[in-house]
Amino acid sequence: MERWDERGLAIACIVAVGGSVTAALFGLSAAWQMPFLFTAVYAILRSLVPLTASRRELATLHAEVELLRRDFDRVNSSRIEHYPDASAFYQAEIDYLVNRHPRHMDAWYMRLETPDDFRASTAAFSDYFQAVLDWAGNGGSVRRLFCLGSSRGYAGWTVRHREETRHLRSYSIREVTWPIKADLMSMAIMDTSAVFLAFTVGDRVQGMRIEDREAAAYFKAYFDRHWENAREVRIATP
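Residues numbered from 1 in each chain as written. Predicted model: local features only at pLDDT ≥ 70, side-chain atom pairs only at ≥ 80, totals over all residues. Heavy atoms only, no water.

## Points about the sheet that holds strand E4 (residues 171-177)
And step 1. Pairing within the open sheet is mixed, and its eight strands lie in the order E1-E7-E6-E5-E2-E3-E4-E8. In this open sheet, the two edge strands, each paired with only one partner strand, are strand E1 (79-83) and strand E8 (231-232).
And step 2. Seen against the sheet, helix H6 (residues 123-137) touches strand E2 (104-109), strand E3 (141-148), E4 and strand E5 (186-190) and runs at an angle of roughly 140° to E3. (Pairing = 2+ DSSP bridges. Helix = DSSP H or I, 4+ residues; strand = E, 2+ residues; numbered from the N terminus. Contact = heavy atoms within 4.5 Å. Axes fitted to C-alpha atoms, helices over the stretch in contact; angles between N-to-C directions.)

## Looking at the pattern of salt bridges
And step 1. This structure, assessed with the given rule, holds ten salt bridges.
And step 2. For Arg143, the salt bridge is made with Asp106, and the minimal N-O distance between the two is 2.8 Å. Of this pair, Arg143 sits in strand E3 while Asp106 sits in strand E2, placing them 37 residues apart in sequence.
And step 3. The class of Arg143 is buried, set by a relative accessible area of 17%.
And step 4. Ionic pairing is found between Glu232 and Arg174, a salt bridge with its closest N-O pair at 3.1 Å. Of this pair, Glu232 sits in strand E8 while Arg174 sits in strand E4, and the two are 58 residues apart along the sequence.
And step 5. Since its relative accessible area comes to 40%, Glu232 is described here as partly exposed.
And step 6. The network of salt bridges with common partners includes Glu81, Arg100, Arg209 and Glu211. (Salt bridge = Lys/Arg side-chain N within 4 Å of Asp/Glu carboxyl O. Buried < 20%, exposed > 50% of the residue type's maximum accessible area, 1.4 Å probe, protein only.)

## Remarks on the side chain of His161
And step 1. Locating His161 in the fold gives a position in helix H7 (residues 157-164).
And step 2. Assessed through its relative accessible area of 3%, His161 is described here as buried.
And step 3. Not counting residues within four places of it along the chain, the set of residues in contact with His161 comprises Phe129, Leu133, Phe146, Tyr171 and Ile173.

## With respect to H7
And step 1. Inspection of H7 places Trp157, Thr158, His161 and Arg162 among the buried residues, and these make up the whole buried set. End-on view of H7: buried residues confined to an arc of 135°, all on one side of the axis.
And step 2. Its buried side turned inward, H7 meets helix H5 (115-121), H6, E3 and E4. (Arc of directions from axis to C-beta.)

## Structural notes on empty space enclosed by the protein
And step 1. Applying the stated criterion across every chain yields a total of two cavities of 30 Å³ or more.
And step 2. Of the voids in this model, the largest cavity is the one considered here, and its volume is about 140 Å³.
And step 3. Going through the elements one at a time, helix H4 (86-100), E2, H6, E3, E5 and strand E6 (194-201) are the ones with two or more residues in the lining of the largest cavity.
And step 4. Among the residues forming the lining of the largest cavity, the class breakdown is 13 nonpolar, one polar and three charged.
And step 5. There is about 40 Å³ of room inside the second largest cavity.
And step 6. Residue lining of the second largest cavity: Met110, Arg111, Leu112, Cys147, Gly149, Trp178, Ile180, Ala182, Asp183 and Leu184, and that is the complete set. (1 Å grid on protein atoms, 1.4 Å probe; cavity = no way out; pocket = protein on both sides within 12 Å on 5 of 7 lines; lining within 4 Å. Points joined across faces, edges and corners; volume = space filled by probe spheres on them. Nonpolar A, V, L, I, M, F, W, Y, C, P; charged D, E, K, R; others polar.)

## Brief notes about the nonpolar core
And step 1. Residues Tyr90, Met105, Tyr128, Tyr171, Met190 and Phe196 are the most contacted members of the largest nonpolar core, which totals 36 residues.
And step 2. Elements supplying a minimum of two residues to this core: H4, E2, H6, E3, E4, E5 and E6.
And step 3. Apart from the residues lying within four places of it in its own chain, the contact partners of Phe196 are Tyr83, Phe89, Ala92, Glu93, Tyr96, Ser186, Met187, Ala188, Met190, Met208 and Arg209.
And step 4. Judged by nonpolar contacts, the second largest core, of 17 residues, contains Leu145, Cys147, Leu197 and Phe223. (Core = buried A, V, L, I, M, F, W, Y, C linked by side-chain atoms within 4.5 Å.)

Here it is as structure tokens:
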């Protein structure tokens, strides 16, 4: 009995036993015996369940788990999240813009159909496309690279888009020609911390988010190379 609570428990047991014997000898009513009965029950339960020690052990265990979690996060800084459809993918991009507050985004649109056509067929992309414009209007910096695919609708689309977004000073677009008849990988690089990759097969979009600074730096260098060799989209003169 090294701890004070153990010594107190032993004294309570002695008092409970003494009180019960005294009540029996002098024929006291049951009401007088109840306090001693409750004391005895508590002593038995307290000896079976060391509550104070359990609280200390749980607190120590919680602290150790938190330390392990922090160490794991430091060692495993790379995170990959998969999105099974367009709705989940584009909503994740919107959430990242709204909740993580990046300062800059590099976006790469590489599909056969124009963004207007894709927006008409994919509501989730329409919301995302507009969210990027709204984010740029609120101070976000955007470089958007459009691939002019084989669709005839691409003729003049980027010029119209540049005209419609001329009020967005931090929103820049360029274009490249890539007439391969298949959708390529589209991507969005958020600062130098995360990359969203979209893969389109037919009318189905799947994607992933890679949250890793080193990987984001690779994609950004790749994007910069294409951006440097892309054509500037100028506002049409009347």
